[in-house]
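Each chain is listed here by its residues.
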Amino acid sequence: MKAVQFNEYGGPEVLRVVEVDEPHAGPGQVRIAVRAAGVNGIDWKIRAGHLRQMIPLSLPAGIGMDASGVVDEVGAGVDDVAVGDAVFGAGAATYAEFAVLSAWAKKPAALGFEEAAGYPIPVETAARILRQVGVLPGETLVVSGASGGVGSAVLQLARAQGITVIATASARNHAYLRSLGAIPTTYEAGLVARVRALAPRGIDAALDLAGSGVIADLIELTGKPAKVLSIADFTAPAQGAQVSAQTTDADRRVALAAAARLFTEGALRIPVEWTYALAAAGEAQVASAAGHVRGRLVIRVAAPASEARTTTLDPGAGYVTIINTYVVAPERAEALLEMLVRATEETLRQVPGFVSANFHLNLDRTRLVNYAQWQSREAIAAAGTDPRVAARIREAGEIADSFTPVLYELRSSVRAPDA
Ligand SMILES: NC(=O)c1ccc[n+]([C@@H]2O[C@H](COP(=O)([O-])OP(=O)(O)OC[C@H]3O[C@@H](n4cnc5c(N)ncnc54)[C@H](OP(=O)(O)O)[C@@H]3O)[C@@H](O)[C@H]2O)c1
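Residues numbered from 1 in each chain as written. Predicted model: local features only at pLDDT ≥ 70, side-chain atom pairs only at ≥ 80, totals over all residues.

Trainee: How would you summarise the overall build of the protein if you had to cite specific residues and measurements?
Mentor: From N to C terminus, the protein includes 13 helices and 19 strands. The C-alpha radius of gyration of the protein comes to 22 Å, within 12% of the 22 Å expected for a compact globule of 419 residues. A principal-axis box enclosing the C-alpha atoms of the protein has dimensions of 65 × 45 × 40 Å. In the protein, buried positions account for 46% of the 419 residues. In the protein, 69% of the contacts between residues at least 6 apart in sequence involve partners at least 24 apart. (Helix = DSSP H or I, 4+ residues; strand = E, 2+ residues; numbered from the N terminus. Rg over C-alpha atoms; globule rule 2.2 N^0.38 Å. Buried ≥ 20, exposed ≤ 12 C-beta atoms within 10 Å, placed from the backbone. Contact = placed C-beta atoms within 7 Å.)

Right, here's the structure in full:
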């Protein structure tokens, strides 16, 4: 099977897609055919060697802890899922075609595989730190660095528990924080005064998610060091605050089941900001390390091209752009480009609702990005069942090594993957 591995600690360039033996489910585990893998901060920290004392590895090693997919092996003692069930959960070496999970929950049918892959670590961390910091319904919590994966989960779990949250992120994310029920403010200097103005009844507890040196400010706001907890600043205990890093598979399972329930009730969504192909895992980790992701980054593990197109379709109104990213061997890039240009001309003539398209081939000719505009999601959905379109997708799939479609509302900002 294909998997991302690294042979030495280092920058993103040490990650390689290699052929390795498939893993197998041991007792109490399941194996999944991975559909998508979540990208967590811990992934790049492990790859860079920052955690080699805490998490010793024998290299070469796989990477990734979160994933969604379809169960294809069930270990001894597992009786809550069967082969063929769609699940999401936590395990090891999940940037791969197959991965073993040690904690999982069944994926609600309405929750997409890509979004589900981004849930496990954030939802478990959020549940754990809300419990550990000891914040109660009716109380007020400050969350520093709240628009990432963990913050998105914290805000929604807190809202479900009746906790008022004042949350920090840059101004571009304030509408997003508001949509999750929080009162936003920025994280620049003057935090204490800004938060006090927003919370006349005072602050009961505070969480530092970004590790950006705010522990002293958060202690000033709560008045009690023990009511401040960080997940990213391990100097916090020196100031009397708490840190949290440890969990168990039992707690993960409880948190995953709760996340599935909250999603179904409409109380939890963690959006995917960007999707990467397996071969672009290094790029995903660079974006993760930069620390400004809204929601989650996920790695889409290649599915057959025709299936890839239909699984991203999401009914609803809106004028949309599909960004198709093809990963391709350099010697086939020209053939892929030619085929897509020809197919686009035919699609424009034959398929209702298709507006325009353009293509960008990166300098090393390994990634071809196609921005295709459609009048509506309905038009895309109709095209998805059109045999002419299916034939072209198949043809492209045969030339490319993988194919990652992402849907964007035209109104939202479209970021070129190579930017
Ligand atoms: N200890 C544990 O158990 C545990 C578990 C999970 C994660 N983690 C760690 O926790 C961290 C959070 O992970 P994540 O995936 O949620 O998100 P992340 O990508 O690390 O953080 C994103 C958030 O931080 C904000 N941010 C960026 N610079 C900031 C600054 N100078 N001050 C305050 N906020 C700032 C971002 O806002 P803008 O984008 O608006 O700038 C965004 O809201 C990571 O370091 C991760 O490794 C630890």
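Trainee: Describe in detail the nonpolar core, supporting the description with residues and values.
Mentor: Of all hydrophobic cores here, the largest spans 101 residues; its most connected members are Leu141, Val143, Val154, Leu155 and Ile299. Not counting chain neighbours up to four residues away, the residues in contact with Leu155 comprise Val143, Ala146, Val165, Ala167, Leu177, Leu180, Gly181 and Ala182. If you look at the next biggest cluster of nonpolar residues, it comprises 20 residues, including Leu336, Leu340, Val389 and Ala396. (Core = buried A, V, L, I, M, F, W, Y, C linked by C-beta atoms within 7 Å.)

Trainee: Tell me about the confidence of the model for the protein, residues and numbers included.
Mentor: For the protein, per-residue confidence averages 89 on the pLDDT scale, and 93% of positions sit at 70 or higher. For residues 304-318, every residue scores under 50 in pLDDT, and the model assigns this stretch 33 contacts once sequence neighbours within four places are set aside. Note that pLDDT drops below 50 for residues 411-419; the model gives that stretch eight contacts with residues more than four away or on any other chain. (pLDDT = per-residue confidence, 0-100.)

Trainee: I'd like a rundown of the sheet that holds strand E4 (residues 61-62), residues and numbers included.
Mentor: Read across the open sheet, the three strands follow the order E2-E1-E4; overall the sheet is antiparallel. This sheet does not close on itself; its edge strands, each paired only once, are strand E2 (15-19) and E4. Of the pairings in the sheet, the one linking strand E1 (residues 2-6) to E4 comprises two bridges and is antiparallel in character. Across the sheet, Phe6 pairs through a bridge with Ala61, a residue of E4. (Pairing = 2+ DSSP bridges.)

Trainee: How would you sum up the site of the ligand? Please name residues and give values.
Mentor: Near the ligand lie 28 residues; those nearest to it are Gly41, Gly145, Gly148, Ser170 and Ser212. Breaking the shell around the ligand down by element, the ones donating at least two residues are helix H1 (41-48), helix H3 (120-133) and helix H4 (149-160). (Near = placed C-beta within 6 Å.)

Trainee: With reference to specific residues and values, describe the domain arrangement of the protein.
Mentor: A common measure of how large an interface is: the accessible area buried when the components associate. One can read the domain layout of the protein as domain 1 (2-119 + 270-288), domain 2 (123-243) and domain 3 (303-308 + 315-409). Put simply, the middle of domain 2 and the middle of domain 3, counted by C-alpha atoms, are 42 Å apart. (Domains from an automatic or database assignment.)

Trainee: Outline the environment of Arg367, listing residues and values.
Mentor: Looking at where Arg367 falls in the secondary structure, it is placed in strand E18 (residues 367-374). For Arg367, a count of 22 C-beta atoms within 10 Å corresponds to the buried category. On a C-alpha basis, the gap between Arg367 and Asp401 in space is 9.9 Å, while along the polypeptide they are 34 residues apart.

Trainee: Outline the packing of H1 against helix H9 (residues 281-290), supporting the account with residue identities and numerical values.
Mentor: Viewed as axis vectors pointing N to C, H1 and H9 meet at an angle of 110°, and their least axial separation amounts to 9 Å. If you check the angle between H1 and H9, you find them roughly perpendicular. Contact residues: Gly41, Asp43, Trp44 and Arg47 in H1; Gln285, Ser288 and Ala289 in H9. Residues that form the contact of H1 with H9 fall into these classes: two nonpolar, three polar and two charged. (Axes fitted to C-alpha atoms, helices over the stretch in contact; angles between N-to-C directions. Parallel < 35°, antiparallel > 145°, perpendicular 65-115°, else oblique. Nonpolar A, V, L, I, M, F, W, Y, C, P; charged D, E, K, R; others polar.)

Trainee: Mind laying out the sheet that holds strand E11 (residues 205-208), listing which residues take part and the relevant values?
Mentor: Strand order across the open sheet formed by six strands is E10-E9-E8-E11-E12-E13, with parallel pairing between neighbours. Both outer strands of the open sheet, strand E10 (183-185) and strand E13 (242-243), are each paired with one neighbouring strand and no more. One ladder, built from three bridges, connects strand E9 (residues 164-168) with E10; its direction is parallel. Across the sheet, residue Ile166 finds its bridge partner in E10, namely Ile183. With respect to the sheet, helix H6 (residues 191-198) is in contact with strand E8 (140-144), E9 and E10, its orientation differing from that of E10 by roughly 155°.

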